[in-house]
Amino acid sequence: MPAAVVLIVCKTVVGEPPDQNAEYTKAENREWATEHAMMVCRREEVQMYDRAVDGGADSQPFNEQRCQRSAMMLGPQWDASHQSSSYRFWRVACPVPIVRKNDDGSEDIIAWKLPDCGHRDTVVCEVDTAI
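I'm lost on the state of the cysteines in this one. Help?
Covalent bonding between the sulfur atoms of two cysteines defines a disulfide. The tally for this structure, following the rule as stated, stands at two disulfides. A disulfide bridge connects Cys10 with Cys41, and the sulfur atoms are separated by 1.9 Å. Because the torsion about its S-S bond is 95 degrees, the bridge between Cys10 and Cys41 counts as right-handed. Remark: Cys41 occurs in strand E4 (residues 38–47) and Cys10 occurs in strand E1 (residues 4–14); sequence separation between them is 31 residues.

What should I look at first to understand the packing of aromatic side chains in this one?
Going through the model one piece at a time under the given rule, you end up with zero aromatic pairs. Between the NZ or CZ atom of Arg42 and the centre of the ring of Tyr87, over which it lies, the distance is 4.0 Å.

Whenever I open this one, the pairing of E1 confuses me. Can you help?
Within a regular strand, the side chains alternate between the two sheet faces. When you tally the buried positions in E1, you get eight out of eleven residues, the bulk of the element. Bridge analysis of E1 against E4 gives seven bridges, and the strand direction is antiparallel. Paired with Cys10 across the two strands is Cys41, which belongs to E4. The sheet contact formed by E1 and strand E5 (residues 87–93) spans six bridges and is antiparallel. Opposite Lys11, over in E5, you have Tyr87 as the bridge partner. Here E1 runs beside strand E2 (residues 30–32); their pairing, made up of three bridges, is antiparallel. If you follow Thr12 over to E2, its bridge partner there is Trp32.

Looking at this structure, I do not really get the layout of surface pockets. What am I missing?
Empty pockets left among the atoms are what a rolling probe the size of a water molecule brings to light. As a volume, the largest pocket reaches approximately 410 Å³. Along its surface, the largest pocket is lined by Ala3, Met48, Tyr49, Asp50, Arg51, Ser59, Gln60, Pro61, Phe62, Arg66, Arg69 and Ser70. For the lining of the largest pocket, the per-class residue count stands at five nonpolar, three polar and four charged.

Honestly, the pattern of salt bridges in this entry has me stumped. Any pointers?
Here the idea is simple: oppositely charged side chains can pair when their charged atoms come close. A complete count under the given rule lists four salt bridges for this structure. The residue Glu107 makes a salt bridge to Lys101 at a minimum N-O spacing of 3.5 Å. Judged by relative accessible area, Glu107 falls into the partly exposed class, the value being 48%. Given a relative accessible area of 65%, Lys101 falls into the exposed group.

It is not clear to me how the nonpolar core should be interpreted in this structure. Could you clarify?
For soluble globular proteins, the rule of thumb is that nonpolar side chains tend to be buried together. With eleven residues, the main nonpolar core is built from Val5, Leu7, Val9, Phe62, Cys67, Ala71, Leu74, Trp78, Tyr87, Phe89 and Cys94. Those elements that provide at least two residues to this core are E1, helix H2 (64–81) and E5. Per-element accounting of this core gives the leading share, four residues, to H2. Ignoring anything within four residues of it in the chain, the contact list for Val5 reads Glu44, Glu45, Val46, Met48, Phe62, Cys67, Ser70, Ala71, Leu74, Val92 and Ala93.

What counts, and where the lines are drawn
Residues numbered from 1 in each chain as written. Predicted model: local features only at pLDDT ≥ 70, side-chain atom pairs only at ≥ 80, totals over all residues. Heavy atoms only, no water. Disulfide = S-S within 2.5 Å. Helix = DSSP H or I, 4+ residues; strand = E, 2+ residues; numbered from the N terminus. Phe/Tyr/Trp six-rings, centres within 6.5 Å; stacked < 30°, edge-to-face > 60°. Lys NZ or Arg CZ within 6 Å of the ring centre and 35° of its normal. Buried < 20%, exposed > 50% of the residue type's maximum accessible area, 1.4 Å probe, protein only. Pairing = 2+ DSSP bridges. 1 Å grid on protein atoms, 1.4 Å probe; cavity = no way out; pocket = protein on both sides within 12 Å on 5 of 7 lines; lining within 4 Å. Points joined across faces, edges and corners; volume = space filled by probe spheres on them. Nonpolar A, V, L, I, M, F, W, Y, C, P; charged D, E, K, R; others polar. Salt bridge = Lys/Arg side-chain N within 4 Å of Asp/Glu carboxyl O. Core = buried A, V, L, I, M, F, W, Y, C linked by side-chain atoms within 4.5 Å. Contact = heavy atoms within 4.5 Å.

Purely spatial values, then, with no claim about function.
Right, here's the structure in full:
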């Protein structure tokens, strides 16, 4: 698995009532924005790097568990660093393997792709990129 985490971020709008302390806290009462009854989202790919390798440690394989654990911190960090944006972190996903089935019944991973945004009946993905 490539060492990448996919953050799915969606458009928001400032809702009512406004936060009474917004002038001091910069907090906003945000709601998910919808267009034609669909949330508008995009995928933000975050490349991961194991800093322990710089200190001489052995590289650890990037797997599903490490991807999800990393994402738990990255989502709130993304929101904090993009406060001026109308997008907010909604959910996380890990790269998905593209599998080739062999004649003998075995399977080979031939590449990786970004997962879809999910909830196809309520979410539209705005931007597609490749890993």
